[in-house]
Amino acid sequence: LEIFAEDSDNLIQESVAANPAAPRYVLEVLSKNSEWRIRERVAGNPSTPPSVLEALSMLDPVRFQIYYSLPGMVRGERSLPDSFSNGAGHLVPGF
């Protein structure tokens, strides 16, 4: 996966970013990618650590809030880290 994460094709990078088997450091690198779709896939990956999710929320808080608040989005059953939720996986008003 590390090799594919460096591919110049954004679709391949998106696939790596969405892969639950992607190592943490690969997800960290992809979370800083200039393409928002790749960052979105990292945010939707169940293996993405909370620290990376928090960093993503700082990069683009509006997109991140929308991504988490719409029903049926990729995050599905995974809840938000407590640092920006009410502890029950719901966004804190005014986030």
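You'll find the structure just up there.
Note that the structure is predicted; figures quoted are calculated from it, not measured.

This next bit is on the side chain of T48. Turning to its location among the elements, T48 is positioned in the loop between α4 (36-44) and α5 (50-59). Classification of T48 as buried rests on a relative accessible area of 1%. A distance of 2.5 Å separates a polar atom in the side chain of T48 from the backbone oxygen of V42.

This part takes up α5. All buried positions along α5 are accounted for by V52, L53, L56 and S57. All buried residues of α5 fall inside an arc of 145 degrees around its axis, so they share one side.

This paragraph deals with the pattern of salt bridges. As enumerated under the stated definition, the model contains three salt bridges in all. Between R24 and E28 there is a salt bridge whose closest N-O contact spans 2.9 Å. Within this pair, R24 and its partner E28 are both found in helix α3 (residues 24-30), separated by four residues, close to a single helical turn. The partly exposed category is assigned to E28, whose relative accessible area is 28%. When the shortest N-O distance is used, the salt bridge between E40 and R41 registers 3.1 Å. Looking at R41, the relative accessible area reads 29%, which means it is partly exposed. Taken together, the shared-partner salt bridges in this structure form one network comprising E14, E40 and R41.

Glancing now at the packing of α4 against α5. Here α4 crosses α5 at 145 degrees, and the two axes come no closer than 10 Å. Once α4 is placed against α5, the crossing between them reads as left-handed. Packed against α4, whose contacting residues are R39, V42 and A43, the element α5 presents V52, L53, L56 and L59 at the interface. A per-class count over the contact of α4 with α5 returns six nonpolar, no polar and one charged.

Turning our attention to the nonpolar core. The biggest cluster of nonpolar side chains holds 14 residues, and the ones touching the most others in it are L30, V42 and L56. Among the elements of the structure, α2 (10-18), α3, α4 and α5 are those that each provide at least two residues to this core.

Let us now look at the environment of L56. With respect to the helices, strands and loops of the structure, L56 is situated in helix α5. Given a relative accessible area of 6%, L56 falls into the buried group. For the pair L56 and E28, spaced 28 residues apart in sequence, the C-alpha separation works out to 9.7 Å.

Quick notes on the rules
- All residue numbers refer to positions counted from 1 along the written sequence of the respective chain.
- Confidence filtering applies because this is a predicted model: local features only for residues at pLDDT of at least 70, side-chain atom pairs given and counted only at 80 or more, and all residues used for totals across whole chains, interfaces and linings.
- Calculation of side-chain values draws on the structure's entire complement of heavy atoms; hydrogens and water are dropped beforehand.
- Under the scheme used here, helices are H or I runs from DSSP no shorter than 4 residues and strands are E runs no shorter than 2 residues, and both carry numbers assigned from the N terminus.
- Working definition: with a 1.4 Å probe on protein chains only, accessible area under 20% of the residue-type maximum means buried, over 50% means exposed, and in between means partly exposed.
- Any N or O atom pair separated by 3.5 Å or less is treated as a polar contact, with the protein-specific requirement of one donor-capable and one acceptor-capable atom, and with residues adjacent in sequence counted only for side-chain atom pairs.
- What the arc measures is the spread of directions leading from the helix axis to the C-beta atoms.
- One speaks of a salt bridge when a side-chain nitrogen belonging to Lys or Arg is within 4 Å of a carboxyl oxygen belonging to Asp or Glu.
- Angles shown run from 0 to 180 degrees and are taken between the N-to-C directions of axes, each axis being a line fitted to C-alpha atoms and, for helices, limited to the stretch in contact.
- Here is the rule for handedness: rotate from the far helix to the near one, and if that takes an anticlockwise turn smaller than a right angle the crossing is left-handed, while a clockwise turn gives right-handed.
- Contact criterion: two residues are considered in contact whenever any of their non-hydrogen atoms come within 4.5 Å of each other.
- Gly counts as polar in this scheme, as do all residues outside two lists: the nonpolar Ala, Val, Leu, Ile, Met, Phe, Trp, Tyr, Cys and Pro, and the charged Asp, Glu, Lys and Arg.
- The term nonpolar core refers to a set of buried residues drawn from Ala, Val, Leu, Ile, Met, Phe, Trp, Tyr and Cys, joined through side-chain atoms within 4.5 Å.

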